[in-house]
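# Secondary and tertiary structure notes
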Amino acid sequence: MGSKDYDSSKKPSHQQAAMKSKIKILLMLVLTNALSIFFFSGAKSAFSMKFWRYKPSIHVWDSEKLMFELNLTRSKLSDNQLELSALHNQLATATSLLETLLADTKRLAGEQKSDDGWAWEPSEELKLAKGPHKLPLGYTRNLGSDELFPTLGQACHKFQDEVERFLNYPVGGECPSDEIFAQRLMLKGCEPLPRRRCKPRIPEGYMDPHPYPQSLWSIPPDSSITWDAYKCKNYTCLVDRGNHKGSDDCKDCFNLYGREKARWMHDSYDLQYSIDAVLSMKPEGTIRIGLDIGGGSATFAARMSERNITIVTSSMNFNGPFNNFIASRGLIPLHISVAHRLPFFDNTLDIIHSMHVLSNWIPDMMLEFTLYDIYRVLRPGGLFWLDHFFCIGTQLNSTYVPIFDHIGFKRLRWNANRKLDRGIAKNEWYLSALLEKPTS
């Protein structure tokens, strides 16, 4: 087993470890007090009583009696020496026990907090997954080190129990069916997850995808994925769920002939921009590559692909196989959360689009970092298409407009309007904007 030494039922929790430590300290105190009482009351008194009980009564006129008293005293002294020796041995034993308890307490403290920040001593598979690993050829100037550290999300340390569970599998064997568990761990900040040495299960009866460009608007075979993680167990269910009540994320995104078919095809000159209208803002052919943040089933990327533009689509699998579906369409999925640093180099992308995902549910400071990251990866003159950003009316001018202005985007289009589906009293607003990164 990759983590055969890991057993969640045997792993000490923080509370259990702390309780063990307290019990051992209490035992030390009890033992110390008992020894003190023994030495300074019982043993000492017994020794004194025994010695003085046989205090010699010397009579100078009776030498025979005097010799008897001396011999008796010598015998009792010998007995007392033996008793003192036994007491000395008992004290040495008690001292050894105290030293053992202290060492055990230190060891327990070491289990609670390992040297590299983990809550307890990591399992063998976690040690291998987190590294570092010595480079076979030694020090390299490119790294400035002779070690290589695997990447691991900073919050992984806070959830060691779950990380250990994630790494509990037969090495070289089949990975556990734990997609939901792994994604939740990512969303807690353990992103990226550690690499694993196991293989995902191949879907039974796997079939090749439809050929491109037919794949852009075709529902893939049910046998293209494993369905363990989802309520729906086939694509027919996913396509149909948009017709039923429910709060599933992007619940009608799998129906490629419903709303998806018409998205970004028409410009309302208000909140709804069309792809062609946006592309017309730049010289023809200069928008070539980009990113769609939280792009659902990647219909935006499909429409751009029809225009010979390559879009990477980031998406999470919230009760649906979004990443598999995107790949089946012949497009590029990227399974990262909105909190992840964009995995692109500075000044490289022509366009970044995001619809609904970037909104007021994100903490203001995290949103600001995200927007600066978008600015970073866009090339000079690149476009940021903010599509239906949701907020409360009072937030728009007081919070979000200052953030956008401070970052330094140039406004090409800017439209704000009320979101009325829940009533005007809610004071809910949408903002759509086309922003350009300055060229100087």
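Criteria and cut-off values
- Residues numbered from 1 in each chain as written.
- Predicted model: local features only at pLDDT ≥ 70, side-chain atom pairs only at ≥ 80, totals over all residues.
- Heavy atoms only, no water.
- Pairing = 2+ DSSP bridges.
- Helix = DSSP H or I, 4+ residues; strand = E, 2+ residues; numbered from the N terminus.
- Axes fitted to C-alpha atoms, helices over the stretch in contact; angles between N-to-C directions.
- Contact = heavy atoms within 4.5 Å.
- Disulfide = S-S within 2.5 Å.
- Buried < 20%, exposed > 50% of the residue type's maximum accessible area, 1.4 Å probe, protein only.
- Expected span 1.5 Å × (residues − 1).

Here the focus is the sheet that holds strand β5 (residues 332–334). Reading across the sheet, the seven strands line up as β5-β4-β3-β6-β7-β9-β8 and stay open at both edges, with mixed pairing between neighbours. The open sheet has two free edges, formed respectively by β5 and β8 (410–418), since each of these has just one partner strand. The average angle at which neighbouring strand axes cross in this sheet is 15°, direction not considered. Sheet analysis places β8 next to strand β9 (residues 428–436), joined by eight bridges and oriented antiparallel. Of the residues in β9, the one forming a bridge with R411 is L435. The sheet strands contacting helix α11 (residues 364–377) are β3 (289–293), β6 (349–355) and β7 (378–392), and the helix crosses β7 at an angle near 155°. Sitting on the sheet, helix α12 (residues 393–407) touches β7, β8 and β9, and the angle it makes with β7 is about 170°.

What follows deals with the state of the cysteines. Overall, the coordinates contain four disulfides when judged by the stated rule. The partner cysteine of C232 in its disulfide is C237, sulfur to sulfur 2.0 Å. Taking the sign of the S-S torsion, about -60° here, the bridge from C232 to C237 comes out left-handed. We classify C237 as partly exposed; its relative accessible area is 32%. Each disulfide pairs two cysteine sulfurs, and for C250 the partner residue is C253, the sulfurs being separated by 1.3 Å. Between C250 and C253 the disulfide shows an S-S torsion of about -50°. By sign, it is left-handed. The exposure class assigned to C250 is partly exposed, which follows from its relative accessible area of 26%. Take C253: its relative accessible area is 3%, and that puts it in the buried class.

For α11, with 14 residues, the first-to-last C-alpha span of 20 Å sits near the 20 Å given by 1.5 Å per residue. Within the span of α11, buried status applies to L367, T370, L371, D373, I374, R376 and V377. Buried residues in α11 make contact with β3, β6, β7 and α12.

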